[in-house]
Amino acid sequence: MSITIVLGAVVMLLLLSSCSGGKKELGAAITERDSLPVMDTRGVTTLVSDSGVTRYRINTEEWLVFDRKNPSYWAFEKGVYLEKFDSLFQVEASIKSDTAYYYDKQKLWKLIGNVHIQNLKGEKFDTDLLYWDQNKQKVYSDQFIRIEQPDRIITGRGFESNQQMTVYTINQPEGIFYVDEEETMPVDTLQTDTIQQ
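Okay, so let's go over this structure.

Reading the values: rules and limits
- Residues numbered from 1 in each chain as written.
- Predicted model: local features only at pLDDT ≥ 70, side-chain atom pairs only at ≥ 80, totals over all residues.
- Heavy atoms only, no water.
- Phe/Tyr/Trp six-rings, centres within 6.5 Å; stacked < 30°, edge-to-face > 60°.
- Helix = DSSP H or I, 4+ residues; strand = E, 2+ residues; numbered from the N terminus.
- Lys NZ or Arg CZ within 6 Å of the ring centre and 35° of its normal.
- Buried < 20%, exposed > 50% of the residue type's maximum accessible area, 1.4 Å probe, protein only.
- Contact = heavy atoms within 4.5 Å.
- Pairing = 2+ DSSP bridges.

1. Re the packing of aromatic side chains
In this structure the tally under the stated criterion is 15 aromatic pairs. Look at F125 and F159: their rings are 5.8 Å apart centre to centre, the planes differ by 55°, and that puts the pair in the tilted class. Of this pair, F125 sits in strand β8 (residues 124–133) while F159 sits in strand β10 (residues 152–162), and the two are 34 residues apart along the sequence. Three or more aromatic residues link up through ring pairs in this structure, and these residues are Y56, W63, W74, F76, Y102, W109 and W132. The lysine or arginine in question, K138, covers the ring of Y140, its NZ or CZ lying 5.1 Å from the ring centre.

2. A few points about the environment of S94
Here S94 lies in strand β5 (residues 91–97). Taking the relative accessible area as the measure of exposure, S94 reaches 13% and is therefore buried. Apart from the residues lying within four places of it in its own chain, the contact partners of S94 are Y81, L82, E83, H116, I117 and Q118.

3. Things to note about the pairing of β8
Bridge analysis of strand β7 (residues 108–119) against β8 gives nine bridges, and the strand direction is antiparallel. Looking at β8, one finds that L111 is bridged to L130. In this structure, the hairpin formed by β7 and β8 is closed by a connection of four residues, where G122 is found at a positive phi of approximately 85°. Both β8 and strand β9 (residues 138–148) contribute to a ladder of seven bridges, which runs antiparallel. The residue bridging T127 from the neighbouring strand is I145, located in β9.

Encoded structure:
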């Protein structure tokens with residue numbers, strides 16, 4: 001009989017401790033609204049201003065805005081073409097990519113797949129992944145990049161530039177190919193680990 005009393009007391013203690021009334025922390029409920037875009041627009045051509053001045057033109061097949069995601073972002077999963085204007089409304093740079101995400105709170109663009117950029121000087125930049133940080137006013141990538149200038153083509157890995165794409169550095173240059181002279185400058189003849197333009 002004493003074993004029954006002990007077992008009964010243990011069961012009662014377990015039941016009482018599980019119903020102690022302490023408040024349990026629960027995560028926020030996930031609703032359908034959390035995973036749906038607040039805006040779904042098709043066939044878009046729009047101008048975007050910054051501080052009341054038109055700075056960008058965006059052309060895209062599909063523009064989705066996810067304001068409840070953490071972090072919130074805009075999605076251009078069917079490709080995007082973007083032009084950046086200077087204060088005189090001249091195109092400073094044009095950017096095209098297969099997919100793009102814009103993290104609106106951080107003012108950060110992530111461009112993915114067949115990223116093609118052309119700057120005001122007519123130089124062309126091609127890579128598969130590129131970030132554009134508008135707060136820091138810089139463009140960068142850790143992937144392979146190909147830069148086509150009027151007289152030569154420069155290739156390498158890792159890249160950083162100002163947002164006008166006029167002053168840039170290649171972290172690991174792989175080669176310089178002269179267009180007119182059809183000459184190649186081997187990497188080992190480069191003086192430093194960076195090429196600055």
